[in-house]
Amino acid sequence: MSEDLNQTPPAARQWSPRYGVDAPAFPAVLGAAGVACCLAAARRRPGSIAVAAAGAVLLANAGVYLHTTLRGKLRIWERELDRAGLQGDEQLLDLGCGRGAVLIAAARRLPRGRAVGADLWTRDQSGNSSEVTLANAAAAGVADRVEVHTADLTALPFPDGSFDIVTSAMAIHNIRSLERRYRALDEAVRVLRPGGQLLIADPWPMARKYADHLGQGTLRPLGPEYWYGGPWLGVTLLHAVKEG
């Protein structure tokens with residue numbers, strides 16, 4: 001099911017795009033646990049120094065997480081889309097587009113092309129809905145080149161070879177079974193044209209499995225700005241090109 005951005009209410013154009021928080025419960029729990037540890041340490045009981053240190057670490061992890069989801073990942077994707085060498089007339093598909101952070105960044109680079117988002121609009125991101133994505137695209141001034149579809153990533157509603165580039169940011173790992181994640185990858189490759197680029201960002205253990213499944217592609221850690229709390233939840237980019 002696709003939705004027309006030109007029907008977005010004019011009021012939506014009066015504010016800047018807002019992309020929400022990824023898995024919002026996670027930083028909330030980290031922050032609450034950190035505060036609890038710090039309050040407990042303030043009682044100055046035996047072991048309070050260790051408890052205070054644990055609280056500081058938890059709060060730091062929450063801060064790093066929020067930086068990544070609110071700013072860091074946006075800068076990383078700006079860089080990666082520039083590296084992709086887009087000419088401006090490509091057809092791009094963003095899998096698990098959420099509120100449109102990658103989708104809209106891509107659309108800004110496609111004045112003569114099209115950016116298409118696909119999602120099931122789950123709670124993996126705060127305020128996740130097609131309506132919010134449409135409003136964000138309108139606010140960014142790219143309504144004329146963006147569309148969204150409610151679609152299962154393991155059964156995409158697009159013909160073979162429909163897109164020049166397929167992107168996905170922290171979405172495929174949310175599919176519950178490894179078999180279905182591989183099916184989503186196969187679907188991404190199916191809808192790519194020969195010579196098309198695949199850019200998948202996911203936690204590094206998953207990204208390595210994706211590369212093994214596809215039998216090709218390069219893996220590159222995206223650095224501290226894409227750490228969800230710390231390096232143990234760092235994100236790796238899989239870049240692959242579909243053979244002709």
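Look up a bit, the structure's there.
Residues numbered from 1 in each chain as written. Predicted model: local features only at pLDDT ≥ 70, side-chain atom pairs only at ≥ 80, totals over all residues. Heavy atoms only, no water.

**Topic: the packing of aromatic side chains**
Formally: Any pair of Phe, Tyr and Trp rings, taking the six-membered ring for Trp, is counted once the centres come within 6.5 Å. Such a pair is stacked with planes under 30 degrees apart, edge-to-face with planes over 60 apart, and tilted for the rest. Segments assigned H or I by DSSP are reported as helices when at least four residues long, segments assigned E as strands when at least two residues long, and all are numbered from the N terminus. Buried residues are those whose accessible area, probed at 1.4 Å on protein chains only, stays under 20% of the maximum for their type, while exposed residues exceed 50% and partly exposed ones sit between those limits.
For the coordinates displayed, the defined rule picks out four aromatic pairs. Measuring from centroid to centroid gives 5.4 Å for F26 and Y65, while their planes differ by 35°, and the two rings are tilted. You can see F26 sitting in helix α1 (residues 25-41) and its partner Y65 sitting in helix α2 (residues 48-83), a full 39 residues away along the chain. For F26, a relative accessible area of 38% corresponds to the partly exposed category. With centroids separated by 5.2 Å and ring planes inclined at 90°, the aromatic side chains of F158 and F163 adopt a geometry described as edge-to-face. Of the two residues, F158 and F163, neither departs from the other in class, the shared state being buried.

**A short note on the nonpolar core**
Cut-off, in case you're wondering: What is meant by a nonpolar core is a set of buried Ala, Val, Leu, Ile, Met, Phe, Trp, Tyr and Cys residues, joined one to another through side-chain atoms within 4.5 Å.
One finds W77, V142, V146, L222, Y226 and V235 to be the most contacted residues of the largest nonpolar core, which totals 35 residues. Where this core is concerned, the elements lending two or more residues are α2, α3 (101-107), α4 (130-139), β4 (146-150), β6 (192-203) and β8 (235-241). With seven residues, the single largest contributor to this core is α3. In this structure, L153, F163, L185 and M206 belong to the second largest nonpolar core, which totals 24 residues.

**As for the pattern of salt bridges**
Stated precisely, the cut-off is as follows: Think of a salt bridge as a Lys or Arg side-chain nitrogen and an Asp or Glu carboxyl oxygen that are within 4 Å of each other.
Counted by the stated rule, this structure contains 14 salt bridges. Of the charged contacts, one joins E78 and R109 as a salt bridge, the two residues approaching to 2.5 Å between their closest N and O atoms. Of the two residues, E78 sits in helix α2 while R109 sits in the loop between α3 and β3 (114-119), which places them 31 residues apart along the sequence. Judged by its relative accessible area of 29%, E78 falls in the partly exposed class. Using a relative accessible area of 18% as the deciding quantity, one classes R109 as buried. Note that D160 and R190 form a salt bridge whose closest N and O atoms lie 2.7 Å from each other. With D160 in the loop between β4 and β5 (163-169) and R190 in helix α5 (residues 178-190), this residue pair connects regions lying 30 residues apart in the sequence. By relative accessible area, which is 22% here, R190 ends up partly exposed. Salt bridges here are not isolated pairs; linked through shared partners, they connect R79, E80, R83 and R220.

**Description of the environment of L95**
Along the chain, L95 turns up in strand β2 (residues 91-95). Given a relative accessible area of 0%, L95 falls into the buried group. Separated by 25 residues in sequence, L95 and L120 place their C-alpha atoms 9.9 Å apart.

**So, α4**
Among the 10 residues of α4, seven are classified as buried, and the element is accordingly described as predominantly covered. Among the residues making up α4, those that are buried are S130, T133, L134, A135, N136, A137 and A138. Directly beyond the C-terminal end of α4, a positive phi value near 80° is found at G141.

**Digging into the layout of surface pockets**
Note the threshold: With a 1 Å grid laid over protein atoms only, a set of points is called a cavity when a 1.4 Å probe fits there but cannot get out and a pocket when it is open yet has protein on both sides within 12 Å along at least five of seven lines; lining residues have an atom within 4 Å of a point. Grid points are joined across faces, edges and corners, and a volume is the space filled by probe spheres set on the points. Residues are grouped as follows: Ala, Val, Leu, Ile, Met, Phe, Trp, Tyr, Cys and Pro are nonpolar; Asp, Glu, Lys and Arg are charged; every other residue, Gly included, is polar.
Of the voids in this model, the largest pocket is the one considered here, and its volume is about 890 Å³. Forming the walls of the largest pocket are 41 residues, and the residues nearest its centre are D124, A169, M170, A171 and N174. Residue assignment for the lining of the largest pocket shows that the elements contributing at least two residues are α2 and α3. With five residues, the single largest contributor to the lining of the largest pocket is α2. Considering only residue class, the lining of the largest pocket consists of 21 nonpolar, nine polar and 11 charged.

**Regarding the environment of A36**
Mapped onto the fold, A36 is located in helix α1. Residues A36 and Q216, spaced 180 residues apart in sequence, show a C-alpha to C-alpha distance of 46 Å.

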